[in-house]
Amino acid sequence: MNSRTKNSSKFSRPFMFPVNYSSPNRSFIGLSKFTIRLLRLPLTFCIAGAGGVAYVNYKTEEFKKQYVPEWVSDSWSKTKDYVQKIDLGNFELPKLPEINFDALVKLTQSPDVIPPRSSLAETKAGKSFVVSEMEKRGSEISEMNARGLKISESDISNSSGSLDGDEDLMVLTKKLIEIRNLLKTVNTSNATTRESLTLPSIVVVGSQSSGKSSVLEAIVGHEFLPKGTNMVTRRPIELTLIHTPGSMQEYGEFPQIGIGKVNDFKQIQKTLMDLNLAVSEAECVSSSPIELRIYSPNVPNLTLIDLPGYIALHNRHQPAILKEKITDLCDQYIREPNVILAVCAADVDLANSEALRASRKVDPQGKRTIGVITKMDLVEPKAGQKVLTNQDYPLNLGYVGVICKSTGTTDSKALIRSEEAYFKSNPEYNVPKVSVGTKTLRRKLMSVLEDHMSRSLTGIVTAVETELEDARYQFKVHYNDRRISPDSYVTETMDTLKTQFREFSKGFGKPQVREEIRVMLEKRIVDILDSIYFENPKISALPKLCVIPGDIFWPAKLELASGMLTKSGVGRAAVQQVVDNLMKNMEKISTHGPFIHHPETSRRIMSFSNEILREKYAVTVDQVENTIKPYKYEVECTEQEWAEGVKRAASLLESQLLQSKEALQAIKSTLGRRKLRNALLHIQKMEKEKEKSINLPSPSDALTIDELDEESLVTKNGGIPQKALDKAVEATKLTNRISLLSTRVSALRSRQCASSTSKQCCPEAFLSVVAEKLAYTSTMFIWVELLGEFFDAMPREMDDRLYYGLGREKIEQFARENESVKRHLEVQERKKTLELAMEKLKALNKDQPPKQSRWSSRR
């Protein structure tokens, strides 16, 4: 080991005290370390607690700065400073009640500043922020009502009757009423779904003459309800009051009948009277509601339903079940979630109140029933106070006493002032637990309605989400998200009609008209040939022996046949043939495609089509008859026309020959060859016997076929049924006709019929030439006088009579006549309405975007 290694090992060893070495500071150092270790944990908790408290204070201050309106904090501070500066001297001020600052902030805070939730479709484990805040607010309002903490009468009353103070308190009511009216338009046949989409309304019930109408008119500030000696409220009146701040206009609307704004409340009263009296006295009560909306700066945001009053006895003009019908109608409306406004007169014992009796059935604990005691000026103040504070018929929402009417005036402000003066002049009504006055009733109704609406919001949001999801699914699956409108359907239908008519007009030109007339004339030719030529035995001589000098037999026959073809009103027949064809095609167009669903429109199309044709019919017939008149006396034809006539005549006879062969084959198939042969042999035998005139019965011994029964006929005919003999006779005629037609076809193709000079020998060819000339000439004038005008006028008539001038209601009605389009529109409108309702629910907390964004980012 070298010196370098030795030095390294010497200094690398740690320094050690000798075993017997003792330091005076060793015990002190150990005690200090033990103490620090012992105090480390408590110090950590203290420091963490102080930091947590500071953080909580910081967040609390930040929350107040962000969400508490500045005017609330400033007003509170200024009020405290002002009260402290007041020197009351020897006067002793009552101690102010302690106010929960946080609850006050929540009540005065507008829902518009509530931070938004990320989505209305949250999981059921955590409710949406809007729903939770509404429920909190509703529970706070309910708690305040239960404890009797309401603003004093002096704070809510003023001589002008303004509702400015109510706007901050009931800020959500208007929006929720809009959502309610929107959800009422959702089309659903499921009663459960319809109920789940219904927000609460205030249902006014009471006996007749209890003052229901006066209470509603006092709330509105106008007389507008129908009045009369007989029962005039025969239908539910769904009354929606809409507060319009900043507007001096007051008016009503009837959405069902669409008469627009009605500024005169007397006219509203008359309209309501007419709609109610539309229900007959025999029926008396109808469940079909009347919708009325009143817009005014002097009304609160409320939804009220006025029902027919309970009766104790019906008169002799009313049905015996009237009382039961009124009770059933009221029971239908006072079910949950609606709020019940039970109106009772002060001079009637509450034990006899039909309204309280009905409400107790559906609301036994009185949680959603408000008692309104009318005509308070008819009882002593002490008795009135006892009624308003009674515990025999307790209601959680309490009773409110009103007078509503003042003799000699109908001014609403004067009525309210008179009512206030009466209640203030009687100290029995100026105690904390007594609620009186129309203004107090207004406040209470708004508070209770918003409370119940907020409680129902959870179910409404869930129901809207469910229905919206279902509507979107149906719209996607059944209609592939394709949007339509009544206007687009009407336009598409009219385009389809015009397109089909245009295609028909292109396919029904002069060649088609000429062919129609030719076919008609060829049928006449066949009838003429049968009557003049084919029944004559001399027809077998044509065309070989027809040209005999001095013989006028065949020329006379030809002239007779030509006259029968041209002198039989062929012009009128040709025009009628074309008109019938046009109407047949128009019927086909108007009853197929989309017009299957529109029978009334099809009828109108046929009606004005017939009008156009009938207008031109007589003129066209006269023109055609005049133009074909020369052919009645002389017909000239060229060799080319003759050759074409021969071809058409041969084709006509061949078609007749084919028809005869088919008819004969049908008889053979039906009767059978053996039976037909036996029947033919029997007929031949009978003909031979008839020719020989052997054993003919005398007239007295002869029996007609009608006098013989079927067995006798069979016995007489040698065991062959009479029907078989009839078929055999028909088969014999067809056989002879087939032979004749075959002969005539061969004659037309012979050299004797090659020239027009032999026209009397080939009458079929000559008649075909005449028919062609008649068809050609008739077609020209029918086209000019009738078809051209028809094809030009129809498109204009379609637009004028079916499209132009249609109102919105007619367009909607036309589109919904088609069931598939109706379902498409209903699903589309349902989806659109639910989406709009969901947007409005989301918009309840989106009126202050900056605060929302800060809250959302922090969340």
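These lines cover the structure that appears in this document, whether it is placed above or below. (Residues numbered from 1 in each chain as written. Predicted model: local features only at pLDDT ≥ 70, side-chain atom pairs only at ≥ 80, totals over all residues. Heavy atoms only, no water.)

## Here's the deal with the side chain of S562
As a reminder, the rule being used: Comment: elements are numbered from the N terminus, with helices defined as DSSP H or I runs of at least four residues and strands as E runs of at least two. Per-residue accessibility, obtained with a 1.4 Å probe over protein chains only, is compared with the maximum for each type, and a residue is labelled buried under 20%, exposed over 50%, and partly exposed between these values. Only heavy atoms matter for contacts: two residues are in contact if any of them lie within 4.5 Å across the pair.
Among the secondary structure elements, S562 is positioned in helix α19 (residues 553-566). Among the residues examined, S562 registers a relative accessible area of 11% and is labelled buried. The residues contacting S562, other than those within four sequence positions of it, are F766, L767 and V770.

## A short note on the packing of helix α18 (residues 510-534) against helix α22 (residues 639-671)
For clarity, the threshold we go by: Only C-alpha atoms enter the line fits that serve as axes; for helices the fit covers just the stretch in contact. Angles between N-to-C directions range over 0 to 180 degrees. Throughout, the term roughly parallel applies to angles under 35 degrees, roughly antiparallel to angles over 145, roughly perpendicular to angles from 65 to 115, and oblique to all others. Charged residues are taken to be Asp, Glu, Lys and Arg, nonpolar residues to be Ala, Val, Leu, Ile, Met, Phe, Trp, Tyr, Cys and Pro, and polar residues to be all remaining types, Gly included.
Between α18 and α22, the least distance of the axes is 11 Å, while the angle of their chain directions is 75°. Here α22 runs roughly perpendicular to α18, going by the angle between their axes. Residues R518, E522, I525, V526, L529 and F534 of α18 pack against R648, L652, L653 and Q656 of α22. When its residues are assigned to classes, the contact of α18 with α22 shows six nonpolar, one polar and three charged.

## Structural notes on the pattern of salt bridges
The cut-off we apply is this: The term salt bridge refers to a side-chain nitrogen of Lys or Arg lying within 4 Å of a carboxyl oxygen of Asp or Glu.
Throughout the structure, instances matching the rule amount to 29 salt bridges. Put simply, R357 and E354 hold a salt bridge, and the shortest N to O gap is 3.0 Å. Linking R357 with E354, this pair stays in helix α13 (residues 354-362), spanning three residues, or about one helical turn. On the accessibility criterion, R357 (37% relative accessible area) is partly exposed. Counted as one network, the salt bridges with shared partners bring together E515, R518, R648 and E772.

## Side note on the packing of aromatic side chains
The relative placement of two aromatic rings is captured by the distance of their centres and the angle of their planes. As a reminder, the rule being used: Planes of paired rings set the category: under 30 degrees apart is stacked, over 60 is edge-to-face and the rest tilted, where pairs are Phe, Tyr or Trp rings (Trp by its six-membered ring) whose centres lie within 6.5 Å.
Within the structure shown, the criterion is met by 16 aromatic pairs. On the numbers, 5.9 Å between centres and 65° between planes, the contact of F501 with F790 is edge-to-face. Remark: F790 occurs in helix α26 (residues 763-803) and F501 occurs in helix α17 (residues 486-507); sequence separation between them is 289 residues. We classify F501 as buried; its relative accessible area is 3%.

## Some details on the packing of α22 against α26
Following both chains from N to C, one finds α22 and α26 inclined at 110°, their axes separated by 7 Å at the closest point. Between α22 and α26, the interaxial angle falls into the category roughly perpendicular. Residues E641, W642, G645, V646, R648, A649 and L653 of α22 form the contact with α26, whose own contacting residues are E764, A765, F766, S768, V769, E772 and K773. Among the residues forming the contact of α22 with α26, the class breakdown is seven nonpolar, two polar and five charged.

## Some remarks on the environment of A643
With respect to the helices and strands, A643 occurs in helix α22. When the C-alpha positions of A643 and A754 are compared, they lie 7.1 Å apart, and in sequence the two are 111 residues distant.

## Overview of the nonpolar core
Convention followed: Buried Ala, Val, Leu, Ile, Met, Phe, Trp, Tyr and Cys residues form a nonpolar core when they are joined through side-chain atoms within 4.5 Å.
Core analysis: the biggest nonpolar cluster contains 95 residues, and L521, Y533, L565, L582, L748, I782 and F790 have the highest contact counts within it. Top element by residues in this core is α26. It accounts for 17 residues. Those residues in contact with Y533 that lie beyond four places of it in its chain are I528, I539, L542, W554, K557, L558, A561 and P763. Grouped together as the second largest cluster of nonpolar side chains are 60 residues, V215, L216, L445 and M453 included.

Interpretation in functional terms is not warranted from these geometric data alone.
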